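The residues making up each chain are set out below.
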Amino acid sequence: MKHIVIDLEMNPLDRKFKKEKVICGRETIQIGAVLLDDQYQEIAYFNTLVKPQYNERIERKFERLTGIKTEMVQNAPSFKDAIEQFFSWCHNIKEEIHIHQWSGSDSAQITKELELKKICLNSDNANLLQAFQDLQKEYGDKLGLSKAISLKEAVMYAGLDFSGKEHNALDDAKNTAALLKILRTPELCKVKLENVINAFRTKPLGTSLGELLCFEELNISA
């Protein structure tokens, strides 16, 4: 079995597309994914920019956030072509695969954007999309969290340094893959997360990690 971790970056539709924004408020501008072997080691990756259809430019806020500039996507494939390229890449893997995402937002974005742009997936691709697994939920359940946390926070809780640039789809996928390896490898999970898990189990759910660490520090000092 192999694993794929996917991440998307988006840009909002131009405000003049009011009806379209009801269906889907953003368009994908980057798809990044990494392929992991059965030991959760990276063995390949997929990365493409995507040219938006409903906005002629990358909005300044999202340009700063992602580092993707308007001129960078001018010759990029359309969403239809890019998502087909991604699924073709998946099908070229000659083993069973599981596809993971951080939260359910990426599969939701793909679903809404397919509807917006009237793109139909074949049954194999539709089945893959339906089977995306939510690693954010798995991580939260493991730590006993009552609220969702960001990828950056999850990486910090695991005692890792965030690798690359946050909100770059490929870098975010790589960091999500590092968390997947920890969660699915018992000895790593014990080393990286046991203290945090135990701390959350002794405090009410929803308490922040910062509060927990301060609380424990006060107890130690006392």
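The shown structure was predicted, so the numbers you read here are calculated from the model rather than taken from an experiment. (Residues numbered from 1 in each chain as written. Predicted model: local features only at pLDDT ≥ 70, side-chain atom pairs only at ≥ 80, totals over all residues. Heavy atoms only, no water.)

Enquirer: Describe the overall build of the protein chain, with residues and values.
Expert: On a plain count of helices and strands, the protein chain comes out with ten helices and five strands. Computed over the C-alpha atoms, the radius of gyration of the protein chain is 19 Å, within 12% of the 17 Å expected from 2.2 N^0.38 for a compact globule of 222 residues. Each of the three principal axes of the protein chain carries a C-alpha extent, and together these read 60 × 40 × 25 Å. Buried positions account for 45% of the 222 residues belonging to the protein chain. Considering only residue pairs separated by 6 or more positions, the protein chain has 68% of its internal contacts joining residues 24 or more positions apart. Carbon and sulfur atoms make up 50% of the accessible area of the protein chain, which totals about 12100 Å². Treating the 30 positive side-chain charges of the protein chain as one cloud and the 33 negative ones as another, the clouds have centres 6 Å apart. (Helix = DSSP H or I, 4+ residues; strand = E, 2+ residues; numbered from the N terminus. Rg over C-alpha atoms; globule rule 2.2 N^0.38 Å. Buried < 20%, exposed > 50% of the residue type's maximum accessible area, 1.4 Å probe, protein only. Contact = heavy atoms within 4.5 Å. Areas by Shrake-Rupley, 256 points an atom, 1.4 Å probe, with all protein chains shown as cover. Lys, Arg positive; Asp, Glu negative; His and termini not counted. Charge placed at Lys NZ, Arg CZ, Asp CG, Glu CD.)

Enquirer: So what's going on with the packing of aromatic side chains? Residues and values would help.
Expert: Under the definition given, this model contains six aromatic pairs. Between tryptophan 102 and tyrosine 139, the aromatic rings sit 5.9 Å apart at their centres with planes inclined by 65°, giving edge-to-face as the arrangement. Remark: tyrosine 139 occurs in helix H6 (residues 135–143) and tryptophan 102 occurs in the loop between strand S4 (97–101) and helix H4 (105–116); sequence separation between them is 37 residues. Residue tryptophan 102 is classed as buried on the basis of its relative accessible area of 9%. Grouped by ring-pair contacts, the aromatic residues Phe46, Phe86, Phe87 and Trp89 constitute a single cluster. (Phe/Tyr/Trp six-rings, centres within 6.5 Å; stacked < 30°, edge-to-face > 60°.)

Enquirer: Any details on the sheet that holds strand S1 (residues 2–12)? Residues and values, ideally.
Expert: Taken in spatial order, the five strands line up as S3-S2-S1-S4-S5 in an open sheet, and their pairing is mixed. Of all strands in the sheet, those with a lone pairing partner are strand S3 (42–49) and strand S5 (133–134), marking the two edges. As judged from the five bridges shared by S1 and S4, these two strands associate in the parallel manner. The residue bridging lysine 2 from the neighbouring strand is isoleucine 97, located in S4. (Pairing = 2+ DSSP bridges.)

Enquirer: Outline unusual backbone geometry, supporting the account with residue identities and numerical values.
Expert: Positive phi outside glycine occurs at tyrosine 40, with the angle close to 65°. Relative to the assigned elements, tyrosine 40 resides in the loop between strand S2 (26–36) and S3. We classify tyrosine 40 as buried; its relative accessible area is 14%. Phi is positive for serine 103, close to 80°, though the residue is something other than glycine.

Enquirer: Just give me the short version of the side chain of threonine 66, but keep the residues and values in it.
Expert: Relative to the helices and strands, threonine 66 is located in helix H2 (residues 60–66). Separated by 2.7 Å, the side chain of threonine 66 and the backbone oxygen of phenylalanine 62 make a polar contact. Of the polar contacts made by the side chain of threonine 66, one reaches the backbone nitrogen of isoleucine 68; its length is 3.1 Å. Leave out the neighbours within four places in its chain, and threonine 66 touches Glu9, Ile29, Lys165 and His167. (Polar contact = N/O pair within 3.5 Å; in protein donor to acceptor, adjacent residues only side chain to side chain.)

Enquirer: Requested: an account of the environment of histidine 167, with residues and values cited.
Expert: Inspection of the secondary structure assignment puts histidine 167 in the loop between helix H7 (151–157) and helix H8 (169–184). Here the alpha-carbon distance between histidine 167 and lysine 152, two residues 15 residues apart in the chain, equals 9.9 Å. Setting aside its immediate chain neighbours within four residues, histidine 167 contacts Glu9, Leu65, Thr66 and Asp172.

Enquirer: Can you explain H6? Please cite residues and give values.
Expert: Looking at H6, one finds that the buried residues are Leu135, Gln136, Tyr139, Gly140 and Leu143. Buried residues of H6 fall within an arc of 135° about the axis and therefore sit on the same side. Summarising the geometry of H6, the exposed residues directed more than 90 degrees from the buried face are Lys137 and Asp141. For H6, the N-terminal cap is aspartate 134; the gap from its side-chain oxygen to the backbone nitrogen of glutamine 136 is 3.0 Å. The positive-phi residue at the C-terminal boundary of H6 is glycine 144, with phi of around 75°. (Arc of directions from axis to C-beta.)

Enquirer: Lay out the side chain of asparagine 55 in plain terms, naming residues and giving numbers.
Expert: Looking at the secondary structure, you find asparagine 55 in the loop between S3 and H2. At 2.9 Å, the side chain of asparagine 55 forms a polar contact with the backbone oxygen of proline 12. In this structure the side chain of asparagine 55 is engaged in a polar contact, spanning 3.0 Å, whose partner is the side chain of glutamate 59. When near neighbours in sequence (up to four residues on either side) are disregarded, asparagine 55 contacts Asn11, Pro12, Leu13, Asp14 and Glu27.

Remember that the coordinates give geometry; whether it matters functionally is a separate question.
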